[in-house]
Every structure is written in structure tokens, then in C-alpha cells.
Amino acid sequence: MDSIEIKNRIKTYVEHADDRILRIFNAIIESQKEEEGLTAEHKEILNARLKYHKENPREGKPWEAVRKSLTDQYGL
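Since this is a predicted model, take the numbers as computed values, not measurements.

Criteria and cut-off values
Residues numbered from 1 in each chain as written. Predicted model: local features only at pLDDT ≥ 70, side-chain atom pairs only at ≥ 80, totals over all residues. Heavy atoms only, no water. Helix = DSSP H or I, 4+ residues; strand = E, 2+ residues; numbered from the N terminus. Rg over C-alpha atoms; globule rule 2.2 N^0.38 Å. Buried < 20%, exposed > 50% of the residue type's maximum accessible area, 1.4 Å probe, protein only. Areas by Shrake-Rupley, 256 points an atom, 1.4 Å probe, with all protein chains shown as cover. Lys, Arg positive; Asp, Glu negative; His and termini not counted. Charge placed at Lys NZ, Arg CZ, Asp CG, Glu CD. Salt bridge = Lys/Arg side-chain N within 4 Å of Asp/Glu carboxyl O. Patch = residues over 30% accessible without salt bridge, like charges linked within 9 Å, V, L, I, M, F, W, Y side chains within 5 Å. Expected span 1.5 Å × (residues − 1). pLDDT = per-residue confidence, 0-100.

Novice: So what about the overall build of the chain? Which residues, and what values?
Specialist: Secondary structure summary: the chain contains four helices and zero strands in total. Overall, the chain shows an N-to-C arrangement of helices and strands of α-α-α-α. In summary, the chain has a C-alpha radius of gyration of 23 Å against a globular reference of 11 Å for 76 residues, an excess of more than 25%. Here the C-alpha coordinates of the chain stretch approximately 60 × 30 × 25 Å along the principal axes. Counting every position in the chain, which comprises 76 residues, the buried fraction comes to 3%. When the accessible surface of the chain is split by element, carbon and sulfur atoms take 56% of a total near 7500 Å². When the 14 positive and 15 negative side-chain charges of the chain are each reduced to one mean point, those points stand 6 Å apart.

Here you go:
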């Protein structure tokens, strides 16, 4: 079954669907939106962390130190 056939089948199904089915479809659509990208809240957090890093570049740890810490703690 190709995409056009699937779309037509879903369209027909939705036209006759009850409230429960429509809510299920809506939940699927909403979950897809959430997966498409970062939320505004997450973007704000990342932007704040990037700003802090740019203002305080020496406060971070070198990658090798982070890697050693993870290896020691988790065996990674």
C-alpha cells in the first residue's frame, strides 16, 4: 500500500470515527510534534548554559576528564 492509499484510507476512517478514535489520532499527532524539536523551555535552558559557558570558559572540564569520570563511575 503506498502513501496515497494510506492517506485516503485514514481520511475516510477519520470522517466516520468516534470521539475516542479522534482523541487517539490527536495524541499521535501531538507526540509527533514533541519529537520534531526542542521545546521553548529546553531551548531557553540550552541558551542559558551556552551564555554561561561563553562568559566563563575556564569553568568547564576537559573532555578527557569527563570521559575518565564516566569510565570510573559507570565503566563506560
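What follows picks up the thread again.
Novice: Outline the pattern of salt bridges, supporting the account with residue identities and numerical values.
Specialist: All told, the structure shown has four salt bridges when counted by the stated rule. For the salt bridge of D19 with R23, the shortest nitrogen-to-oxygen distance reads 2.8 Å. Within this pair, D19 and its partner R23 are both found in helix α2 (residues 19-36), separated by four residues, close to a single helical turn. By relative accessible area, R23 is classed as exposed at 57%. Across the pair E64 and R67 runs a salt bridge whose closest N-O atoms are separated by 3.7 Å. Of this pair, E64 and R67 both sit in helix α4 (residues 63-74), separated by three residues, roughly a single helical turn.

Novice: Break down a nonpolar patch on the surface for me, with residues and values.
Specialist: On the surface, a cluster of nonpolar side chains totalling about 420 Å² of accessible area is made up of M1, I6, I10, V14 and L22. Position of M1 among the secondary structure elements: in the segment before α1 (3-15).

Novice: Explain α4 residue by residue, including any values.
Specialist: For α4, built from 12 residues, the straight-helix expectation of 16 Å at 1.5 Å per residue is met to within 8% by its first-to-last C-alpha distance of 16 Å. Taken across its 12 residues, α4 has zero buried, putting it largely on the surface.

Novice: How would you sum up the confidence of the model for the chain? Please name residues and give values.
Specialist: Across the chain, the average pLDDT comes to 88, with 95% of residues at or above 70. The secondary structure element of the chain with the lowest average pLDDT is α2, at 83, and the one with the highest is helix α3 (residues 40-55), at 93.

Novice: Run through the environment of A40, naming residues and quoting values.
Specialist: Relative to the helices and strands, A40 is located in helix α3. On a C-alpha basis, the gap between A40 and W63 in space is 28 Å, while along the polypeptide they are 23 residues apart.

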